[in-house]
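Chain residues, written in single-letter form:
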Amino acid sequence: MMQRRDFLGTSLALAAGGALAQSNTKIARIVVPFAPGGVQDLLARAMSTELGLALGQTVIIENRPGAGGTVGTGYVAKSAPDSGAMVLGAASHNIAGTLYTKLSYDPQKDFAPMAHIGTADYVLMIHPDVPAKTAAEYIRYAKANPGKLNYATAGVGSATHLSMAYFNGLAGIDVVHVPLKATGEAINEVISGRAHAVIAASIGALAFAKDSRIRLIGVTSPKRSKYLPDVPTIAESGLPGYQFDSWFGLLGPAATPVAEINRVNAAMAKVLKDPVVLERLDKQGIEPLAMNNADFAKLLAVDYKRMAEVVKASGAKVE
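A count of helical and extended segments in the chain gives 10 helices and 12 strands. Here the C-alpha atoms of the chain give a radius of gyration of 20 Å, agreeing with the 20 Å that 2.2 N^0.38 yields for 319 residues. Over its C-alpha atoms, taken along the principal directions, the chain stretches across nearly 75 × 40 × 30 Å. Split into buried and exposed, the 319 residues of the chain put 53% on the buried side. Look at the contacts in the chain between residues 6 or more apart in sequence, and 78% of them connect residues 24 or more apart.

The following block contains the structure:
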């Protein structure tokens, strides 16, 4: 059998002198509910070829952006269970359930967990003018100066907003929200001193780990980040119980047959052993983790409740 890898997204398996074990006439579709170039889009393209080879069929990527990811996600929710459509979901999938007052689907009931892919964490960064080197010191300073500190985000309802709003709520501090349009812009505001704090993806913060213009004081995950091992977790450095990270996984329509769910799950487990894919995910700051569907379903249920708390703490709502 001849195999070809195409990192740009379309996956092909070519047979020479024999038939594939699985028919290659049906196309599997990974729906990315955001525009090309984002985290989920790059992740889909990092492993779609290998997933196609493992499934023995063509895998294509469809970008269906709009309304914070709810357009593409809603499309998969309403797709036929034998359509081959799967959405590449992340924390935003469960966030939408509480953030949007009007949603055309139920993030839990309308989807079947197909395959968990991995996780990513975030880090709290502050301007050096803020006299704090730990989360505890930052909280004490904010409490002593209510309303005088601010934090920059990529916009209302973004992960950068909700993660920081959740932090403020648990800590009981009054910090002003400065919504911008992108995470990079938010980081630049902190570097310039126009903003005091930002929470951003750890992989994106690596470039600033030794930058004297910004200080990294705590990662948001329950354990230390492999990308920033010297930075303590927020929970251990001043705010017990705080956690904000993101899972990534494939979700199909709720009525997807169990046999198809198991087939995709087994294929993904195989893909997550491929050193080429693992290297790509590492460059994106994603820690790979294969998981059976029962465990993935439990993770989604727990995450849904946690993200509901995050959204409520932020006070954010989208009509």
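Okay, the packing of helix H3 (residues 91-99) against helix H10 (residues 293-314) next. To describe two helices that pack against each other, one gives the angle between their axes and the distance between the axes. At a minimum axis distance of 8 Å, the contact between H3 and H10 shows a crossing angle of 55°. Taken together, the axes of H3 and H10 are oblique relative to one another. Between H3 and H10 lies a crossing of right-handed hand. Where H3 approaches H10, its residues Ala 91, Asn 94, Ile 95, Gly 97, Thr 98 and Leu 99 are matched on the opposing element by Leu 300, Asp 303, Tyr 304, Met 307, Ala 308, Val 311 and Lys 312. Residues belonging to the contact of H3 with H10 are distributed by class as follows: 8 nonpolar, 3 polar and 2 charged.

This paragraph deals with the nonpolar core. In terms of nonpolar packing, the biggest core is built from 47 residues, with Leu 124, Tyr 138 and Phe 167 touching the most fellow members. A per-element tally of this core places helix H5 (residues 159-171) first, with 6 residues. Setting aside anything within four residues of it in sequence, one finds Phe 167 in contact with Leu 124, Ala 135, Tyr 138, Ile 139, Ile 173, Ile 234, Leu 239 and Tyr 242. Membership of the second largest hydrophobic core comes to 30 residues, among which are Ile 61, Phe 248, Ile 261 and Leu 281.

This brings us to the confidence of the model for the chain. Across the chain, pLDDT averages 89, with 92% of residues at or above 70. A low-confidence stretch, residues 1-25 stays under pLDDT 50, and its non-local contacts, those more than four residues away or across chains, total 48 contacts.

This part takes up the pairing of strand E4 (residues 59-63). Relative to E4, strand E3 (residues 28-32) is paired through 5 bridges, and the arrangement is parallel. Each residue of the ladder has a partner; that of Val 32, found in E4, is Asn 63.

On to the pattern of salt bridges, then. All chains considered together, the criterion is met by 12 salt bridges. In this structure, Glu 62 engages Arg 29 in a salt bridge whose closest nitrogen and oxygen atoms are separated by 3.2 Å. One end of the pair, Glu 62, is in strand E4; the other, Arg 29, is in strand E3, and 33 residues separate them in sequence. Here Glu 62 and Arg 29 have matching classes, each one buried. A salt bridge links Glu 50 to Arg 280; the nearest nitrogen and oxygen atoms lie 3.2 Å apart. Of this pair, Glu 50 sits in helix H1 (residues 39-55) while Arg 280 is found in helix H9 (residues 275-283), placing the two residues 230 residues apart along the sequence. In this structure, Glu 50 and Arg 280 share a single accessibility class: buried. Through salt bridges with shared partners, one network takes in Arg 29, Glu 62 and Arg 64.

Let us look at the packing of aromatic side chains. Two descriptors summarise a pair of aromatic rings, namely the distance from one centre to the other and the angle between the planes of the rings. Taken as a whole, this structure holds 6 aromatic pairs when the rule is applied. Here Trp 247 and Phe 296 contribute two aromatic rings whose centre-to-centre distance is 5.9 Å and whose plane-to-plane angle is 70°, an arrangement assigned as edge-to-face. Placement of Trp 247 in strand E11 (residues 245-253) and of Phe 296 in helix H10 is noted, with a sequence separation of 49 residues between them. One cation-aromatic arrangement involves Arg 64 over Tyr 75; the distance from NZ or CZ to the ring centre is 3.6 Å.

This part covers the pairing of strand E5 (residues 85-89). With 5 of 5 residues buried, E5 lies mostly within the body of the structure. Residue alternation in E5 divides its side chains into two sets, Ala 85, Val 87 and Gly 89 and Met 86 and Leu 88, and both sets are buried. The pairing of E5 with E11 spans 3 bridges and is classified as antiparallel. Each bridged residue has a counterpart across the sheet, and for Gly 89 the counterpart in E11 is Gly 249.

This part is about the environment of Asp 245. Among the secondary structure elements, Asp 245 is positioned in strand E11. Classification of Asp 245 as buried rests on a relative accessible area of 13%. Taking the C-alpha atoms as reference points, Asp 245 and Ala 201, separated by 44 residues in sequence, lie 9.0 Å from one another. What Asp 245 contacts, discounting residues up to four positions off in sequence, is Ala 91, Ala 120, Asp 121, Tyr 122, Thr 220, Ser 221, Pro 222, Arg 306 and Met 307. There is a polar contact of 3.4 Å between the side chain of Asp 245 and the side chain of Gln 243. Side-chain polar atoms of Asp 245 contact the side chain of Arg 306, separated by 3.3 Å.

The rules behind these values
Residues numbered from 1 in each chain as written. Predicted model: local features only at pLDDT ≥ 70, side-chain atom pairs only at ≥ 80, totals over all residues. Heavy atoms only, no water. Helix = DSSP H or I, 4+ residues; strand = E, 2+ residues; numbered from the N terminus. Rg over C-alpha atoms; globule rule 2.2 N^0.38 Å. Buried < 20%, exposed > 50% of the residue type's maximum accessible area, 1.4 Å probe, protein only. Contact = heavy atoms within 4.5 Å. Axes fitted to C-alpha atoms, helices over the stretch in contact; angles between N-to-C directions. Parallel < 35°, antiparallel > 145°, perpendicular 65-115°, else oblique. Left-handed = near helix turned anticlockwise from the far one by under 90°. Nonpolar A, V, L, I, M, F, W, Y, C, P; charged D, E, K, R; others polar. Core = buried A, V, L, I, M, F, W, Y, C linked by side-chain atoms within 4.5 Å. pLDDT = per-residue confidence, 0-100. Pairing = 2+ DSSP bridges. Salt bridge = Lys/Arg side-chain N within 4 Å of Asp/Glu carboxyl O. Phe/Tyr/Trp six-rings, centres within 6.5 Å; stacked < 30°, edge-to-face > 60°. Lys NZ or Arg CZ within 6 Å of the ring centre and 35° of its normal. Polar contact = N/O pair within 3.5 Å; in protein donor to acceptor, adjacent residues only side chain to side chain.

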